[in-house]
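Below, each chain spelled out in residue letters.
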Amino acid sequence: LELVKRLRHAVSKQQLTVYYQPKVELSSRRISGLEALVRWVDEDGSIIPPDEFIPLAEDTGLIIPISEYVMEEAFLQLKQWHDIGFEELSIAINISGKQLHLPELVDDIMERVNEAQIPPNKVELELTEQVFIENIQSHTRFMHSVREHGMSLAIDDFGVGYSSLSYLKNFPVTSLKVDRSFVKDLPHNEDDATITQAIISLARNLNIQLVAEGIETEEQVEFLLQRECSTGQGFLFSKPVPARQITQLLQQYK
Ligand code: G
Ligand code: G
Ligand code: MN
Ligand code: NA
């Protein structure tokens, strides 16, 4: 309960901030997009990671103002990056299952996208597998509406949930993010190599883009490139960092 109080306070006192982690084109190492990841900066300046407060925020409804803050911040930041010459960049926003019950969610997102004057096709929403498994009609409607507005839809942490591959066929998904647990022990762990290979083939055959998460070594990049997985994210390229560090990275690679 104490934590709820502190979180409520943090939201109202604007102690939240957004970090960004690059999504990288593996062959060229160019940054193609950024994932927005919320951080809580406590009174003493220490950073509280989302794992420690997102579940609580979901249970208390605080996820709604938090998500509104993250989107507003991230969309305005993307607009700035577009304006300084990086028009191709996209932004990915994590959306929790709890938010999908809001009937106005897509309209609310689109209003913010339009206000920030960014093209909807540069916005990607990341949903975890759980959302697909629940198979609630409102979720299906949400996903179709997202696509009709021209935004992209990714399945985050792919492969760790109770996967039914049928949802890849039934939902209008544009990309899959291979969970980092499969990438961690590549290329040496044979089971992980087999699973990753299978996900790559699946995505290719279904015409869905693939992003490998948690890339930390050059060997992993080599493995993925040989199997034609073209995009990745991970500490090898950059940890999640504040916007100004992303601007520096962008200018370095230009
Ligand atoms: O940034 P980090 O890797 O610690 O993130 C941990 C988890 O918190 C990730 O699974 C991510 O999806 C989730 N998360 C981070 N930022 C947000 C956010 O703005 N909204 C939601 N719903 N989840 C987030
Ligand atoms: O579930 P989601 O993918 O949204 O979570 C992103 C989280 O994964 C972030 O909190 C980020 O810190 C973490 N992450 C990103 N890249 C790496 C990596 O290369 N290694 C590890 N261990 N964690 C990573
Ligand atoms: Mn994510
Ligand atoms: Na993930």
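Treat the numbers as computed from the prediction; the structure is a model and nothing was measured. (Residues numbered from 1 in each chain as written. Chains lettered and ligands numbered in written order. Predicted model: local features only at pLDDT ≥ 70, side-chain atom pairs only at ≥ 80, totals over all residues.)

It is worth spelling out the site of ligand 1 at this point. The full set of residues close to ligand 1 is Leu37, Val38, Pro49, Pro50, Asp51, Ile54, Ser67, Val70, Asn94, Ile95, Ser96 and Pro240. Of all the secondary-structure elements, those providing two or more residues to the shell around ligand 1 are strand 2 (31-41) and helix 3 (63-83). Tallied by class, residues from the shell around ligand 1 come to eight nonpolar, three polar and one charged. (Near = placed C-beta within 6 Å. Helix = DSSP H or I, 4+ residues; strand = E, 2+ residues; numbered from the N terminus. Nonpolar A, V, L, I, M, F, W, Y, C, P; charged D, E, K, R; others polar.)

A few words on helix 3. The periodicity of an α-helix, 3.6 residues per turn, causes residues three or four places apart in sequence to face the same way. Taking 1.5 Å as the rise per residue, helix 3 with 21 residues should run 30 Å; its terminal C-alpha atoms sit 30 Å apart, in good agreement. Looking at helix 3, one finds that the buried residues are Ile63, Ile66, Ser67, Val70, Met71, Ala74, Phe75, Gln77, Leu78 and Trp81. Just beyond helix 3, the residue with positive phi is Gly85, at close to 110°. (Expected span 1.5 Å × (residues − 1). Buried ≥ 20, exposed ≤ 12 C-beta atoms within 10 Å, placed from the backbone.)

What follows deals with the pairing of strand 6 (residues 152-158). In terms of burial, strand 6 is a largely internal element, six of the seven residues being buried. Across five bridges, strand 5 (residues 123-128) lies against strand 6 in parallel orientation. Among the inter-strand pairings, Leu125 is bridged to a residue of strand 6, identified as Leu153. Relative to strand 7 (residues 175-178), strand 6 runs parallel, the two sharing three bridges. Pairing of Ile155 across the sheet is with Leu176, part of strand 7. (Pairing = 2+ DSSP bridges.)

Right, let's talk about the confidence of the model for the protein chain for a bit. Scored by pLDDT, the protein chain comes out at a mean of 93, with 98% of its residues at no less than 70. In the model output, the complex is listed with pTM 0.96 alongside ipTM 0.96. (pLDDT = per-residue confidence, 0-100.)

So, on to the site of ligand 2. Close to ligand 2 lie 14 residues; Asp157, Gly214, Glu216, Gly234 and Phe235 are nearest. Split into classes, the residues belonging to the shell around ligand 2 amount to four nonpolar, five polar and five charged.

Core analysis: the largest hydrophobic core is formed by 63 residues, its most contacted members being Ala36, Ala74, Ile91, Ile93 and Val178. Considering each element in turn, this core owes the most residues, eight residues, to helix 3. Aside from chain neighbours lying at most four places away, what touches Ala74 is Val18, Ala36, Ile91 and Ile93. (Core = buried A, V, L, I, M, F, W, Y, C linked by C-beta atoms within 7 Å. Contact = placed C-beta atoms within 7 Å.)

Let's shift gears to helix 9 (residues 190-206). Between its terminal C-alpha atoms helix 9 stretches 24 Å, which fits the 24 Å expected from 17 residues at 1.5 Å a residue. Buried residues of helix 9: Thr196, Ile199 and Ala203, and no others. End-on view of helix 9: buried residues confined to an arc of 60°, all on one side of the axis. Exposed and facing more than 90 degrees away from the buried side of helix 9 are Glu190, Asp191, Thr194, Ala198 and Asn205. Considering only its buried residues, helix 9 is in contact with strand 6, strand 7, helix 8 (180-183) and strand 8 (209-212). (Arc of directions from axis to C-beta.)

Moving on to unusual backbone geometry. A cis geometry characterises the amide bond from Leu186 onward to Pro187, with omega recorded as 0°. Following the sequence through the fold, Pro187 ends up in the loop between helix 8 and helix 9. In this structure, Asp157 takes a positive phi of about 50° despite not being glycine. Positionally, Asp157 belongs in strand 6.

Running from N to C, helix 3 and helix 4 (residues 105-116) point in directions that differ by 30°, and their axes come no closer than 9 Å. Classified by the angle their axes make, helix 3 and helix 4 are roughly parallel. At the point where helix 3 passes helix 4, the crossing takes the right-handed sense. Contacts between helix 3 and helix 4 involve Met71, Glu72, Phe75, Leu76 and Lys79 from the former and Ile109, Arg112, Val113 and Ala116 from the latter. Here the contact of helix 3 with helix 4 is composed, by residue class, of six nonpolar, no polar and three charged. (Axes fitted to C-alpha atoms, helices over the stretch in contact; angles between N-to-C directions. Parallel < 35°, antiparallel > 145°, perpendicular 65-115°, else oblique. Left-handed = near helix turned anticlockwise from the far one by under 90°.)

A word on the pairing of strand 8. Of the pairings in the sheet, the one linking strand 7 to strand 8 comprises four bridges and is parallel in character. Paired with Lys177 across the strands is Val211, a residue of strand 8. In the sheet, strand 8 pairs with strand 9 (residues 231-232) via two bridges, with the strands oriented parallel. Along strand 9, the bridge assignment pairs Val211 with Thr231. In terms of handedness, the path from strand 8 via helix 10 (residues 218-226) over to strand 9 forms a crossover that is right-handed. (Right-handed = clockwise from strand over helix to strand, strands pointing away.)

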